[in-house]
Amino acid sequence: MDLSIVVPCYNEEASLPLLEERLAATLARLTGDVEIVLMDDGSTDATLAGLNALAERLAGARVVRHGRNRGLGAALRTGMAEARGDVIVTIDSDCTYDPIDIPSLVACLKDADAALGSPYHPEGTTENVQAYRLALSMTLSRLYRAVLGRPDLHTFTSMYRAYTREAAAAAESSADDYLALTEALVSLLDRGYRVVEHPAVLRVRINGVSKLRVLRMIRRHALMVARLSLRKAPRPVRDSERCTT
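On a predicted model such as this, the values are computed, not experimentally measured, just so you know.

1. Quick word on the pattern of salt bridges
Here is step 1: Inspection of every chain in the model, using the stated rule, returns 14 salt bridges.
Here is step 2: The partner of E20 in a salt bridge is R57, with the nearest N and O atoms 2.7 Å apart. One end of the pair, E20, is in helix α1 (residues 16-27); the other, R57, is in helix α2 (residues 47-57), and 37 residues separate them in sequence.
Here is step 3: Linking D40 and R65 is a salt bridge whose minimum nitrogen-to-oxygen distance equals 3.4 Å. Of the two residues, D40 sits in strand β2 (residues 34-41) while R65 sits in strand β3 (residues 61-66), which places them 25 residues apart along the sequence.
Here is step 4: Judged by its relative accessible area of 45%, R65 falls in the partly exposed class.
Here is step 5: One network of salt bridges, in which partners are shared, links E35, R62, E82 and R84.

Shown next as structure tokens:
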């Protein structure tokens, strides 16, 4: 298997028509053996039935399920463990990042072990995203850039990522919520894996409801930033760790 696309879903019934449309368009642009791992995290609405129907219509798609809701971090770990590709991409089920750009993100791996889709990259952008969410995300990213010594990286919380198989196995996390995304990235940086960034467009969610609990995540990230700030001085970034695609 050349590429696995992992899509965690929890009560995303309303988002599935758009997800299917964008995944179908993406598959038309990809070559080689591609699978789509549709990860249902114990949904209580009609998401599971919708994913099963979607898997019947999209080539290479299959459904993996948690019997109960365990959180985004747990869903990502299960989905990535199930993935069989040499390259593993993780995307949001609400298509706030359009998967159509996956080929460009994957191309960054010719010079790296992991590539991050970033709306805060100098060439990235956002469209109609709520101001308070942008302010929160950008503030967190600035803090992580400072404590990790990675001025070349502009986002640490995005799920739109591509990993080599080796890097995916090394990207450790223990949190069951959104903090797992940052934990996984930090674990790769700590181990010296080459991480680069690719410009992306972040759009406002069209369907469904976000599962992010803002105040809780602020506290969780604040504690993590505090822990990281007490560590030894960060390793400086090398020029070779920048995406030139």
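2. Some points on unusual backbone geometry
Peptide bonds are mostly trans, and most non-glycine residues show a negative phi.
Here is step 1: For N11, which is not glycine, the phi torsion reads 50° and is therefore positive.
Here is step 2: With respect to the element layout, N11 can be found in the loop between β1 (3-9) and α1.
Here is step 3: Since its relative accessible area comes to 22%, N11 is described here as partly exposed.

3. Focus: the nonpolar core
Here is step 1: Counting residues in each nonpolar core, the largest one holds 36 residues, and the members touching the most others are L3, I5, V7, I36, L38, I91 and I102.
Here is step 2: Among residues more than four places away in sequence, those in contact with I5 are L30, V34, E35, I36, V37, V89, I91 and I102.
Here is step 3: The next biggest cluster of nonpolar side chains, apart from the first, holds 35 residues, and it includes L140, L153, L189 and V225.

Conventions adopted
Residues numbered from 1 in each chain as written. Predicted model: local features only at pLDDT ≥ 70, side-chain atom pairs only at ≥ 80, totals over all residues. Heavy atoms only, no water. Salt bridge = Lys/Arg side-chain N within 4 Å of Asp/Glu carboxyl O. Helix = DSSP H or I, 4+ residues; strand = E, 2+ residues; numbered from the N terminus. Buried < 20%, exposed > 50% of the residue type's maximum accessible area, 1.4 Å probe, protein only. Core = buried A, V, L, I, M, F, W, Y, C linked by side-chain atoms within 4.5 Å. Contact = heavy atoms within 4.5 Å.

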